[in-house]
Amino acid sequence: MPIELEIADRIAVVTLNNPPVNAVTLALYEEIGNLFDEVGGRSDVNVVVFTSAGERAFCAGLDLKEFLAATVDEDPHRAAVVRKSFAQVRLCAVPVIGAINGPALGAGAVFASVCDIRIASKRATFAMPEINVGRCGGGAHMGRHLPQGWLRRMFFTGQPIDAETAWRLGFVQDVVEPAALTETAMTMARTIAAKAPLGLRMGKRSLNEIEDMPVEPGYEIEQGYSTRLMATEDAREATRAVVEKRAPVFKGR
């Protein structure tokens, strides 16, 4: 299977497994997006870890052989499928941690960008090489995280940045040795998975909604979500647990 799903302890692990370099076909774009919709709709999942199998690449981007066979007339439909897939990951109902184990090129870099948090192996690189194959890259997505100068350098040169540079720019939140990547991502996932399910989901929705808003109206929306959370059993349980100095027991309601 080119994409695999494992769920345990309220953590879903989604793994790209399309050897040799986890290139993405149009069908795989659809599978990825639909899987994130499915996982976000499950009551037994609080967080997703998005990673890949193999050591050659996290994701080398679009399958170029399939792209060469496509016609110009087909491109608007293909573009719509790709947009939807990226949106389904970015708007997944629960937080998504990207565990980037190698080069993330083109679509791979965009899939990393639509995760909420990115943890990179020291082997990871990030590139927008679309200009080399006659395409425009994912500037709208990558520009959410990168300064314009760096975005345009990557876009116009097609040259990658390494994991340490990505960390300095704020694109990546942690850089670790390759052998430590999985455990680092899972440790963070366990921390998130222990939080109130409704708090995570409303918080994710709130952050997505206010991302491009001015501060005051954005904070008003955030306060509205807080008021909705206040009416839930889990919110009261969270407060009681802090006061009583014990671990909370959440019921998802």
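Anything mentioned here points back to the structure above.
Concerning the nonpolar core
Within the largest apolar cluster, 48 residues are counted, with the highest numbers of intra-cluster contacts made by Ile32, Phe36, Val48, Phe50, Phe111 and Phe126. At the level of elements, strand E2 (11-16), helix H1 (26-40), strand E3 (47-52), helix H3 (75-90), strand E4 (96-100), helix H4 (107-113), helix H6 (148-157) and helix H7 (163-168) are the ones that each hand at least two residues to this core. No other element matches the 7 residues that H1 contributes to this core. The residues touching Phe126, leaving out its near neighbours within four places in the chain, are Ile100, Ala104, Ala112, Ala120, Met154, Pro160, Ile161, Ala163, Ala166, Phe171 and Val172. Listed in part, the 15 residues of the second largest apolar core include Val13, Val47, Ile97 and Ile192.

As for the sheet that holds strand E6 (residues 117-121)
Spatially, 6 strands are ordered E1-E2-E3-E4-E6-E9 in an open sheet, and the strand pairing comes out mixed. In this open sheet, the two strands that pair with only one neighbour each are strand E1 (3-8) and strand E9 (174-176). The sheet shows a mean angle of 20 degrees between the axes of neighbouring strands, taken without regard to direction. In this sheet, E4 lies alongside E3 in parallel orientation, the contact comprising 3 bridges. Note that in E4 the partner of Val49 across the bridge is Ile97.

Comments concerning the packing of helix H9 (residues 197-210) against helix H10 (residues 215-230)
To describe two helices that pack against each other, one gives the angle between their axes and the distance between the axes. Running from N to C, H9 and H10 point in directions that differ by 165 degrees, and their axes come no closer than 10 Å. As far as their axial angle goes, H10 and H9 are roughly antiparallel. The chirality of how H9 crosses H10 is right-handed. Judged by residue contacts, Leu198, Gly199, Met202, Arg205, Ser206, Glu209 and Ile210 of H9 engage Gly218, Ile221, Glu222, Tyr225, Arg228 and Leu229 from H10. Residues that form the contact of H9 with H10 fall into these classes: 6 nonpolar, 3 polar and 4 charged.

Re helix H11 (residues 233-244)
Taking 1.5 Å per residue, 12 residues should reach 16 Å; H11 reaches 16 Å between its end C-alpha atoms and fits that length. Buried within H11 we find Asp234, Glu237 and Ala241. Down the axis of H11, the smallest arc covering the buried residues is 55 degrees, so these residues share one side. Seen from the open side of H11, the exposed residues pointing more than 90 degrees away from its buried face are Val242 and Val243. Positive backbone phi, at 55 degrees, marks Lys245, one or two positions downstream of H11.

Definitions and cut-offs
Residues numbered from 1 in each chain as written. Predicted model: local features only at pLDDT ≥ 70, side-chain atom pairs only at ≥ 80, totals over all residues. Heavy atoms only, no water. Core = buried A, V, L, I, M, F, W, Y, C linked by side-chain atoms within 4.5 Å. Buried < 20%, exposed > 50% of the residue type's maximum accessible area, 1.4 Å probe, protein only. Helix = DSSP H or I, 4+ residues; strand = E, 2+ residues; numbered from the N terminus. Contact = heavy atoms within 4.5 Å. Pairing = 2+ DSSP bridges. Axes fitted to C-alpha atoms, helices over the stretch in contact; angles between N-to-C directions. Parallel < 35°, antiparallel > 145°, perpendicular 65-115°, else oblique. Left-handed = near helix turned anticlockwise from the far one by under 90°. Nonpolar A, V, L, I, M, F, W, Y, C, P; charged D, E, K, R; others polar. Expected span 1.5 Å × (residues − 1). Arc of directions from axis to C-beta.

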